Amino acid sequence: MILFVHLLLHLVTLRRSADFLEEVEAQFGHFMAVHNRTYGPQHQQSLPDEYTRRLAIFSQSLATIERLNRAHEAHESGARFGVTQFADLTTEEFLAKGK
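What you see is a predicted model, and the numbers here were worked out from it, not measured in a lab. Along each chain, the written sequence defines residue order, and numbers are assigned to residues from 1. In keeping with the model being predicted, local features are shown solely for residues with a pLDDT of at least 70 and side-chain atom pairs are shown and tallied solely at 80 or more, while totals for entire chains, interfaces and linings include all residues. Side-chain measures were taken over the full set of non-hydrogen atoms in the model, leaving aside hydrogen atoms and water.

(A) Summary view of the nonpolar core. Take the buried residues of types Ala, Val, Leu, Ile, Met, Phe, Trp, Tyr and Cys, join any two whose side-chain atoms come within 4.5 Å, and each joined set is a nonpolar core. Using a 1.4 Å probe on the protein chains alone, a residue whose accessible area is under 20% of its type maximum counts as buried, one over 50% counts as exposed, and one in between counts as partly exposed. Counting residues in each nonpolar core, the largest one holds 9 residues, listed as Val24, Phe28, Phe31, Met32, Tyr39, Leu55, Phe58, Leu62 and Ala87. Counting only elements with at least two residues in this core, the list comes to helix 1 (2-34) and helix 2 (50-74). Discounting residues that sit within four places of it in the chain, Val24 has contacts with Leu55, Phe58, Ser59 and Leu62. Secondary structure elements are defined from DSSP: runs of H or I of at least 4 residues count as helices, runs of E of at least 2 residues count as strands, and each element is numbered from the N terminus. Note on definitions: a residue-residue contact is assigned when non-hydrogen atoms from the two residues lie within 4.5 Å.

(B) Seen up close, the environment of Asp88. Counting through the fold element by element, Asp88 comes out in the loop between helix 2 and helix 3 (91-97). What makes Asp88 buried here is its relative accessible area of 0%. Note: C-alpha distance between Asp88 and Phe58 (30 residues apart in sequence) is 4.7 Å. Polar contacts involving the side chain of Asp88 include one to the side chain of Tyr39, which spans 2.6 Å. Polar contact is the term for a pair of N or O atoms within 3.5 Å; when the atoms are in protein, one must be able to donate a hydrogen and the other to accept it, and sequence-neighboring residues count only if both atoms are side-chain atoms.

(C) How the structure looks around the pattern of salt bridges. Only one rule defines a salt bridge in this text: a Lys or Arg side-chain nitrogen within 4 Å of an Asp or Glu carboxyl oxygen. For the coordinates displayed, the defined rule picks out 7 salt bridges. The residue Arg80 makes a salt bridge to Glu73 at a minimum N-O spacing of 3.6 Å. With a relative accessible area of 63%, Arg80 lands in the exposed category. Members of the salt-bridge network, linked through shared partners, are Glu50, Arg53, Arg54 and Glu93.

And the structure:
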């Protein structure tokens, strides 16, 4: 019985992970449409792995946004962070844009 409960909890965790990944990918698709991004093999100017790379960067940006919002909510600062047109850029790429 204990093994069954452990297995069930593991399956629920995996399902939540799959749901989370689907949600991130859906948000990334919306981001790409809004900000006119074209990543993926269907676009001639994009490298095959560029979509995956940009999705990973976007996912990290979402995690940072969530962490910052939680920290500011705890301090009741009123600040609110969200996705911007820079959410698919690394820190280095973002800083280079300002030069």
